[in-house]
Every structure is written in structure tokens, then in C-alpha cells.
Amino acid sequence: MRNSTAPVTPKEATTNVVYKISCQEDHCDSSNSYIGRISTTLWHRMHSHRNQRSIFQHFTETHIMKPALEKLLDQTEILYKENYFRKLQISKAISITCQRPSINIQATDSILPSACPQERHNPPMQPHLQEQGAL
Ligand SMILES: [Zn+2]
């Protein structure tokens, strides 16, 4: 029983949060997770996770099925709620850096294979081409 009379927002209607989905299908048993940030409702984001990008890819490749909306919501934990967008972005970045959720890491690796700063600043050496005897 609650002591507060303030209205409770249902989880699916929650906005402005950093959230973590821990996959509990089959052998994953919460070992594979994803951390995201939303300004829209959690329900809206779960719709998009169900049909595209890394969560969809994890479920279809690992579990050979699309994730169910209710199951995604059940497996979602709110890590941080913040109405200031920049603080929310920073919180997401810190959460990903500290927790290293495997589904985020895989998605980043597959989308940005050359994102390593060392590769960007040190391109492979090209032999210097000189034209000789062109007169
Ligand atoms: Zn899984």
C-alpha cells in the first residue's frame, strides 16, 4: 500500500528515462542487455525495438523470433529519470561505459567498424607517387 496520493505513471507511459533491457530468453538469462534513452514513451520505443535495430536483430538472430511487446516491457528496468535532455544523454553514456551492455557493444561494432580514433588519424601509408621523365 502506498502512502502518496500522487498518480502513478504506468511503466509503458514513462518518458525521459535511461532504460535497460535484459534479455531473459533461452540461454541469455539476462547476460545480454541493452541500454537506451527515450524522450517519448517507453511503449513507443518498445514498438520500434520490436521491429528494427539492435534489439530486433538480437532476437531474430539469437532466438529466431521477434520480441513480444509485453515481454520487452517486463524485461525493461528504468535506470534513471531526468527531464533535462543533456543530463539524460550523459547518464546513458555513463551507464553504457560502466555496464558495457553486450547488445549496445555489438551494434556499435557492426555499425562503426572503423570508429577507432587511432584508425581515423593514422590512415595506412600510401607510397609517394612521383612522375619522373614526364617532360
Ligand atoms: Zn537474448
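Below or above, wherever it landed, is the structure these notes cover. All values derive from a computational prediction rather than experimental measurement.

Side note on the environment of Lys81
At step 1: Inspection of the secondary structure assignment puts Lys81 in strand β3 (residues 76–81).
At step 2: The class for Lys81 is partly exposed, based on 14 C-beta atoms found within 10 Å.
At step 3: Taking the C-alpha atoms as reference, Lys81 lies 5.9 Å from Asn16; in sequence the two are 65 residues apart.
At step 4: When near neighbours in sequence (up to four residues on either side) are disregarded, Lys81 contacts Asn16 and Val17.

A short note on the environment of Phe59
At step 1: As for its placement among the helices and strands, Phe59 is situated in helix α2 (residues 53–62).
At step 2: For Phe59 and His49, which are 10 residues apart along the polypeptide, the C-alpha to C-alpha distance reads 10.0 Å.
At step 3: Not counting chain neighbours up to four residues away, the residues in contact with Phe59 comprise Met65, Lys66 and Pro67.

What to know about the nonpolar core
At step 1: Core analysis: the largest hydrophobic core is formed by 13 residues, its most contacted members being Val18, Tyr19, Ile21, Tyr34 and Ile55.
At step 2: Listed by contribution, the elements that provide at least two residues to this core are β1 (17–22), β2 (33–38), α1 (42–51) and α2.
At step 3: When neighbours within four sequence positions are excluded, Ile21 is seen to be in contact with Ser33, Tyr34, Ile55, Leu72, Gln75 and Thr76.

What counts, and at which threshold
- Each chain has its residues counted from 1, running along the sequence as written.
- Local features in a predicted model are, by the rule used here, given only for residues with pLDDT of at least 70; side-chain atom pairs are given and counted only at 80 or more, and totals for whole chains, interfaces and linings are based on all residues.
- Helix and strand assignments come from DSSP, with helices taken as H or I runs of at least 4 residues and strands as E runs of at least 2, each series counted from the N terminus.
- Any residue with 12 or fewer other C-beta atoms within 10 Å of its own C-beta is exposed, any with 20 or more is buried, and the rest are partly exposed; the C-beta atoms used are placed from the backbone.
- Whether two residues are in contact depends on their C-beta atoms, placed from the backbone: they are in contact if these lie within 7 Å.
- A set of buried residues drawn from Ala, Val, Leu, Ile, Met, Phe, Trp, Tyr and Cys, joined through C-beta atoms within 7 Å, is what defines a nonpolar core.

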